[in-house]
Structures are given as structure tokens and as C-alpha cells.
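# Descriptive structure summary
Residue strings, one per chain:
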Amino acid sequence: MIGLKGTLNVIDNSGALLVECVNVLKQKVNNGWGSVGDEIVCVVKRARPVSGQTSASAAKVRQGDVRRAVIVRTRKSVRRPDGRFIRFDDNAAVLLNNKREMLGTRIGGVVSADLRMKGWGKIVSLAPKVV
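The paragraphs below set out a description of the structure included in this document.

Another aspect to go through is the pairing of strand 1 (residues 7-10). Burial of strand 1 is one-sided: the residues Leu8 and Val10 facing one way are buried, the residues Thr7 and Asn9 facing the other way are not. Where strand 1 lies against strand 2 (residues 16-25), three bridges are found, and the strand directions are antiparallel. Of the residues in strand 2, the one forming a bridge with Thr7 is Glu20.

And the structure:
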């Protein structure tokens, strides 16, 4: 469950490394807490440094940018319909643009299978492992 000021690792190749949640974009069902598959607004806290030889378009995000993201892993355990509980070692997200498309082109890490049920099949198809 991700709320205000919650930090997440970024597991795509957009250039961001760490983001901080500033808003959870969803219906008022869960009182401002986000889970796997929910969209959030976040601030980039740490990004890969931009070297002088790469162009400005190669670095998709910079430190301090406000972006949208979708939560792909949480430390809080989530109950599956068959009764199992799934919990990950960290909180992680994938950055999005304003059209709800992925900012990066690759995903490096495990994602939850619950994303497919919530309409994020593109993220599941690019992930190296789905749990």
C-alpha cells in the first residue's frame, strides 16, 4: 500500500531510479492508498546522471520531474482470489507519460500478475518474470 511520501524503485529504462508518491489517482475506495496496478503521481528523487555526449532527448526524465507511474510491486501482501498472499521485497513502479503509455522501452525486474487483470498487459508482456 503506497501513500503520500512513499518511495518506490523505478524498474524501467526511463532514467529514473527512485520516485516519491505525491498522489494516488483512483476512486475514493481505499482512502488514498495505492496497491498493485494503481496509477500515481510521483516526483523523481534520483535519476541517472546525463553525460555530455548523449543528447537531451536520450534522458527521458530528470531529478525533480513530476510524472505519472503505475505500481508494479508492493511490500504489503496482496491476497489472490485462490487464497494465496503475494508479497515482494520492495515497492516498485513503471513511469508513464500523460497518455498512459510507458516512458521506457524495457522493464528490468519482477512484476505482479495482478497487473494483467487491471489493464496493464503491455507492462506484463515486457517484464522478464511475472509472479
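Don't stop here, the text continues.
Spatially, five strands are ordered 1-2-3-4-7 in a closed barrel, and the strand pairing comes out mixed. The average angle at which neighbouring strand axes cross in this sheet is 55 degrees, direction not considered. The pairing of strand 3 (residues 39-47) with strand 4 (residues 66-73) spans five bridges and is classified as antiparallel. Across the sheet, Glu39 pairs through a bridge with Val70, a residue of strand 4.

It is worth spelling out unusual backbone geometry at this point. Positive phi, normally seen in glycine, also occurs at Lys5, with a value near 70 degrees. Position of Lys5 among the secondary structure elements: in the segment before strand 1. You can call Lys5 exposed: its relative accessible area is 56%. Positive phi values are uncommon outside glycine, yet Arg100 reaches one of about 65 degrees. Note on placement: Arg100 falls in the loop between strand 7 (92-96) and strand 8 (110-111). By relative accessible area, Arg100 is classed as partly exposed at 47%.

Definitions and cut-offs
All residue numbers here refer to positions counted from 1 along the written sequence of the relevant chain. At least 70 in pLDDT is required for a residue's local features to be given in this predicted model, at least 80 for side-chain atom pairs to be given and counted, and no such filter applies to totals for whole chains, interfaces and linings, which use all residues. Note: side-chain values were computed over all heavy atoms of the structure, leaving out hydrogens and water. Categorising residues by exposure relies on relative accessible area from a 1.4 Å probe, with only protein chains included: less than 20% of the type maximum marks a residue as buried, more than 50% marks it as exposed, and the intermediate range marks it as partly exposed. Helix and strand assignments follow DSSP, with helices taken as H or I runs no shorter than four residues and strands as E runs no shorter than two, numbered in order from the N terminus. Pairing between two strands is assigned when DSSP locates at least 2 bridges connecting them. Only C-alpha atoms enter the line fits that serve as axes; for helices the fit covers just the stretch in contact. Angles between N-to-C directions range over 0 to 180 degrees.

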